[in-house]
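Residue-level structural notes
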Amino acid sequence: MKHVPSAAEMLGWIETVVSRGIRRPGYPADIWTERWLAERLTEFGLEVALEPVEVPRWQPGTGVLRLDDGTELAGFPLPHTAPTDGLRARIVPLADAGPGDIAVDELAFTELPQSYVSTLATSAYDPEGVFDTLVQTIPFGPRMMEVVEPALEAGAAGFIGALTGLPWETRDYYVPYDAIERPIPGLWLSGADGRRLLDRLPCTGELVAQSVTDTVTTYNVVATLPADSPHTVIVASHHDGPWASAVEDASGIALVLAAARYWSQVPVSARPHNLMFLFTSGHMAHAAGTRAFIERHRPLLADVVLQMHLEHAALRCDAVDGELVPTADPEVRWWFTSQMPRLEKLVAETLETEGLRRSFVLPPDAFSPMPPTDGAFFHPEGVPLVHFLSAPMYLFDSADTLDKIDVAGLEPLVRAAIRIVAGTAGWSPQPC
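Bear in mind that the values here come from a model prediction, so they are computed numbers and not experimental data. The written sequence of each chain sets the order in which its residues are numbered from 1. The predicted nature of this model means local features are confined to residues of pLDDT at least 70 and side-chain atom pairs, given and counted, to a pLDDT of 80 or more, with totals for whole chains, interfaces and linings taken over all residues. The basis for the side-chain values is all heavy atoms of the structure; hydrogens and waters are excluded.

**Observations concerning helix α7 (residues 288-296)**
Put simply, the rule is: For every residue, the accessible area obtained with a 1.4 Å probe (protein chains only) is divided by the maximum for its type, and the residue is called buried under 20%, exposed over 50%, and partly exposed between those limits. Runs of E in the DSSP output that reach at least two residues are strands. Runs of H or I that reach at least four are helices, and both are numbered from the N terminus. Residues are treated as being in contact if the distance between any of their heavy atoms lies within 4.5 Å.
If you check which residues of α7 are buried, you get Ala 288, Gly 289, Thr 290, Phe 293 and Ile 294. Considering only its buried residues, α7 is in contact with β1 (47-67), β11 (203-225), β12 (232-238) and β13 (274-280).

**Examining the packing of helix α6 (residues 246-264) against helix α9 (residues 407-422)**
Test applied: Inter-axis angles, ranging from 0 to 180 degrees, are taken between N-to-C directions of lines fitted to C-alpha atoms, where helices are fitted over the stretch in contact. Each angle receives one of four descriptions, namely roughly parallel if under 35 degrees, roughly antiparallel if over 145, roughly perpendicular if within 65 to 115, and oblique otherwise. By the definition used in this description, the sense in which the near helix is turned from the far one sets the handedness, with an anticlockwise turn below a right angle giving left-handed and a clockwise turn giving right-handed. Throughout this entry, Asp, Glu, Lys and Arg are counted as charged residues, while Ala, Val, Leu, Ile, Met, Phe, Trp, Tyr, Cys and Pro are counted as nonpolar. The remaining residues, Gly among them, count as polar.
The geometry of α6 relative to α9 is characterised by a closest axis approach of 10 Å and an angle of 55° between their N-to-C directions. By the angle between their axes, α6 is oblique relative to α9. In terms of crossing hand, the pair formed by α6 and α9 is right-handed. Contact with α6, carried on its side by Leu 255, Ala 258, Ala 259, Tyr 262 and Trp 263, involves Leu 410, Leu 413, Val 414, Ile 418, Val 421 and Ala 422 of α9 and no other residues of that element. Its residues assigned to classes, the contact of α6 with α9 comprises 11 nonpolar, no polar and no charged.

**Comments concerning the pairing of strand β17 (residues 333-337)**
For the record, the criterion: The pairing criterion for strands is at least two bridges between them, as found by DSSP. Seen with its strands pointing away from the viewer, a crossover is right-handed when the path leading from the first strand over the helix to the second is clockwise.
Among the 5 residues that make up β17, 5 are buried, leaving the element largely enclosed by the rest of the structure. The alternating pattern of β17 places Arg 333, Trp 335 and Thr 337 on one face and Trp 334 and Phe 336 on the opposite face, and all of these are buried. Bridging between β17 and strand β18 (residues 359-362) involves 4 bridges; their strand directions are parallel. By the bridge assignment for β18, Phe 336 is matched with Leu 362. Assessed by its sense of winding, the connection that carries the chain from β17 through helix α8 (residues 341-353) to β18 is right-handed. Relative to strand β19 (residues 385-389), β17 runs antiparallel, the two being bridged by 4 bridges. Of the residues in β19, the one forming a bridge with Thr 337 is Val 386.

**Notes on the pairing of strand β15 (residues 315-320)**
The pairing of β15 with strand β16 (residues 323-330) spans 5 bridges and is classified as antiparallel. Residue pairing in the sheet places Val 320 in a bridge with Glu 323 of β16. Counting the residues between successive antiparallel strands, the hairpin from β15 to β16 contains 2 residues, one of them, Asp 321, with a positive phi of roughly 50°.

**Details of the pattern of salt bridges**
Spelled out, the test is: One speaks of a salt bridge when a side-chain nitrogen belonging to Lys or Arg is within 4 Å of a carboxyl oxygen belonging to Asp or Glu.
Throughout the structure, instances matching the rule amount to 29 salt bridges. Among the salt bridges present, the one from Glu 169 reaches Arg 195, with a minimum N-O distance of 3.4 Å. Highlighted residues: Glu 169 in the loop between β9 (158-165) and β10 (186-189) and Arg 195 in helix α5 (residues 191-198), separated in sequence by 26 residues. When the shortest N-O distance is used, the salt bridge between Asp 403 and Lys 404 registers 3.3 Å. With a relative accessible area of 40%, Asp 403 lands in the partly exposed category. Shared partners join several salt bridges into a network, and the residues in it are Glu 128, Asp 329, Arg 357 and Arg 358.

Written out as structure tokens, the structure reads:
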């Protein structure tokens with residue numbers, strides 16, 4: 001595959017995107033990225049369109065908890081919770097919270113044994129034999145994004161999330177990201193500050209969690225290449241992220257951009273199907289871009305042979321003295337694949353050919369009714385899919401920096417995407 005961009009070039013694209021700063025929906029860096037993507041794709045010779053998507057833009061301000069004993073604890077406001085310039089109340093553990101209180105809850109990330117995931121997978125590529133013992137820390141607690149809900153049920157007036165169970169020190173946890181407005185203010189505290197607070201409970205104090213939310217127009221970037229086929233393959237990722245976010249999802253941008261450039265240099269007659277390359281907005285707003293694309297292009301879906309999402313070329317990290325240290329190993333790779341035997345076989349053979357170790361081929365509904373990807377909403381539409389995703393523990397944190405990119409995996413991941421798309425030559429759409 002002589003036309004595949006090098007890892008160095010893809011890393012350069014990632015660095016360019018990350019350098020613009022925080023890429024939340026509607027932020028200047030994300031708006032810049034939309035235009036930058038359109039320019040690159042146009043340079044590659046693709047036909048490019050920018051399709052508008054309205055999203056809520058959430059911008060945090062000051063976050064601090066001031067206790068009556070003079071202690072001040074800096075925090076990060078929970079996305080899309082109610083702003084407050086100062087809520088004074090009793091502060092108590094969640095289990096003791098009642099109407100009007102500020103409820104404090106501890107969060108620990110879920111430890112996921114790969115021996116369990118093996119029972120859900122249709123196949124795996126694990127030449128090292130690590131899946132029997134490897135345990136992955138995923139970036140959610142047991143309630144996923146419903147972190148505030150128990151406090152709401154208790155009638156609490158405010159919420160404090162103490163990140164005491166995380167393997168490293170941070171308060172920069174961008175969860176929830178479903179863009180649902182919760183009617184009470186919330187604040188994340190680091191593990192150390194959370195423990196300081198827990199030692200003082202119950203107490204009284206003031207919660208400050210400032211933010212502004214408005215509605216803005218963002219854009220899906222849609223680029224197409226024709227082929228001698230009546231059918232279409234869609235290759236996609238999202239262009240926004242919770243922070244400057246190298247893995248989430250500047251890496252996905254680079255993978256899809258690399259696939260687009262490869263296929264742009266392949267003759268029309270050698271392309272298996274019409275190809276559409278989609279960069280969605282608003283992943284951090286309940287996949288707003290994917291949902292908007294589906295609504296706008298619903299008549300197209302019946303002609304889609306495959307919808308592929310490429311997200312998160314990530315290194316596994318160890319926590320050392322409260323800091324994240326990248327290892328030489330990729331984070332566990334999930335390949336959510338529609339349960340069509342020839343497609344599952346194609347994906348499994350491709351992973352082995354490209355040496356993509358620590359990979360599972362999983363049904364789309366292995367963990368939940370839809371895959372936990374930006375492209376999840378294609379699944380209930382019955383579109384055949386292959387969604388690559390990894391879920392490192394730092395995914396929603398400002399610690400998602402360039403040193404976490406699985407550079408060695410960039411080229412094999414793009415080659416795998418190309419092989420899978422090429423392998424669908426001659427296929428017709430088969431609703432799932």
